[in-house]
Amino acid sequence: MSTTSFPEGFLWGAATAAHQVEGSNWNSDWWEFEHQAGSGCAEPSGDACDSWSRWPEDLDLVASLGLGAYRFSMEWARIEPEEGEYSVAALDHYRRVLAGCHDRGLVPMVTMNHFTLPRWLARRGGWEWDQAPERFARYCRRTIAHLGDLMSWVCTVNEPNIVAVMGYRFGIFPPAVSDGARRDLVQSALIRAHHAGRDAIKAAGDHLRVGLTLSMTDYQALPGGEEKLEQIRARMEDGFLAAARRDDFLGVQTYSRARVGPLGTLGPEEGVAVTQMGYEYWPQALEGTLRRAAEVLGGVPLLVTENGISTDDDSERVEFIASALRGISRCLADGIDVRGYVYWSLMDNFEWVLGYGPKFGLVAVDRSSFDRRPKPSAAWLGAVARANALGTQATPAPR
Ligand code: BGC
């Protein structure tokens, strides 16, 4: 197979999120939710991967693999444990992590809010509380004042569309509500939070590049499903894309496609493999969503902040990433400004309501000793990153 090179400076990384890897995140709404009878959670997050203590090992891993960037999140519930009360110790902790990235030559990509809220905020109504966007901006301002000099890429809110749909429509994430009007209200609160947070962060320095990350699906209409597709996409994506027009970048996060018929989305197509998450194995989806984001956003740079597969078959992971990367390369060839690829996830971790079942990681984590064991896909992606090219490594043929 021929070699596909990526532009100079293309960022290669892996991602995690605080609640999914740090462990003992007692002061968050998710911790409370996991321990509620009937929440539907497979198991509580517990110690997770103990990354709160073992972060130097995590950073060593990222760097030794040959990746150049690490995406992780700040935990609001630790930084602002009670309303208006900030923990300098927690901020200092993240300062050590950021400095640790720089010491190892890693570009840090920081997410300010990845799904979890401090309990005090959840008690006030979470994103439905009219002051929540302003409180988010205040937390961003305080955090950036302490850490901004060590940051570069900053994501405000992770997947606001998923927070709204899972928490307020499907009732699967806290606060487990199913109410279309409340979902709409939360969507607009999250957009306000993104804008207010972005302004607070940008005010701290021109070196900070700020954007939101959006969960994007490669929607494909079946005959008669065109109108339904537009309706679904309008709610899931378009409002957020419109809100990102003045951002420094958009974080695109894609896992699969969805076929849409006249009545809505359909299940997996017969004959198409399904991942542990129940998604169709469809690595081409990333190319589709990048093209759509570029079409809507024009010149706003795109960064793949999440893409990955949940599987026990690590060669399937390599094949999935290779196929997704070939899609990025076609986008680049067509002039679409894609700045980097960040795999979800660095390691197997707490997959929200599904607990520790799904395996997205490049690195396996022993659940009792917390030992990290890189899978072959980790070395493979590291080799791609080092070469800044695909095709020089032994790569399975596309299926
Ligand atoms: C989220 C991650 C999650 C991943 C896999 C994204 O929606 O940002 O927290 O683990 O998808 O489901």
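The structure contained in this document is the topic of the report that follows. These numbers come from a predicted model, not from an experiment. (Residues numbered from 1 in each chain as written. Predicted model: local features only at pLDDT ≥ 70, side-chain atom pairs only at ≥ 80, totals over all residues. Heavy atoms only, no water.)

**As for the side chain of Ser 310**
Inference 1: Within the secondary structure, Ser 310 sits in the loop between β11 (302-307) and α12 (314-333).
Inference 2: Side chain to side chain, Ser 310 and Gln 276 meet in a polar contact 2.6 Å long.
Inference 3: For Ser 310, the side chain forms a polar contact with the main-chain nitrogen of Lys 359, separated by 3.2 Å. (Helix = DSSP H or I, 4+ residues; strand = E, 2+ residues; numbered from the N terminus. Polar contact = N/O pair within 3.5 Å; in protein donor to acceptor, adjacent residues only side chain to side chain.)

**Describing the site of the ligand**
Inference 1: The environment of the ligand is formed by 13 residues, the closest being Gln 20, His 114, Glu 159, Glu 306 and Glu 351.
Inference 2: Between the ligand and Glu 306 there is a distance of 2.8 Å, counted from an oxygen atom to a side-chain nitrogen or oxygen.
Inference 3: For the ligand, an oxygen atom lies 2.6 Å from a polar atom in the side chain of Glu 351.
Inference 4: Tallied by class, residues from the shell around the ligand come to six nonpolar, four polar and three charged. (Near = heavy atom within 4 Å. Nonpolar A, V, L, I, M, F, W, Y, C, P; charged D, E, K, R; others polar.)

**Comments concerning unusual backbone geometry**
Inference 1: Looking along the chain, the bond that leaves Pro 174 and enters Pro 175 is cis, with omega of 10 degrees.
Inference 2: Note that Pro 175 resides in the loop between α8 (160-168) and α9 (180-202).
Inference 3: Backbone geometry places Ala 176, a non-glycine residue, at a positive phi of 55 degrees.
Inference 4: Since its relative accessible area comes to 39%, Ala 176 is described here as partly exposed.
Inference 5: With phi around 50 degrees, Trp 352 is a residue other than glycine that occupies positive phi space.
Inference 6: For Trp 352, the position within the fold is in the loop between β12 (338-344) and β13 (363-365). (Buried < 20%, exposed > 50% of the residue type's maximum accessible area, 1.4 Å probe, protein only.)

**Considerations on the pairing of strand β2 (residues 11-15)**
Inference 1: When you tally the buried positions in β2, you get five out of five residues, the bulk of the element.
Inference 2: Both β2 and strand β3 (residues 69-73) contribute to a ladder of three bridges, which runs parallel. The partner of Ala 14 across the bridge, within β3, is Tyr 70. (Pairing = 2+ DSSP bridges.)

**Some points on the packing of helix α11 (residues 285-297) against α12**
Inference 1: Viewed as axis vectors pointing N to C, α11 and α12 meet at an angle of 30 degrees, and their least axial separation amounts to 7 Å. With respect to α12, the axis of α11 lies roughly parallel. Note that α11 runs across α12; the crossing there is right-handed. Between α11 and α12, the residues in contact are Leu 286, Glu 287, Leu 290 and Arg 291 and Ala 324, Gly 327, Ile 328, Arg 330 and Cys 331, respectively.
Inference 2: Taken together, the residues of the contact of α11 with α12 sort by class into five nonpolar, one polar and three charged. (Axes fitted to C-alpha atoms, helices over the stretch in contact; angles between N-to-C directions. Parallel < 35°, antiparallel > 145°, perpendicular 65-115°, else oblique. Left-handed = near helix turned anticlockwise from the far one by under 90°. Contact = heavy atoms within 4.5 Å.)

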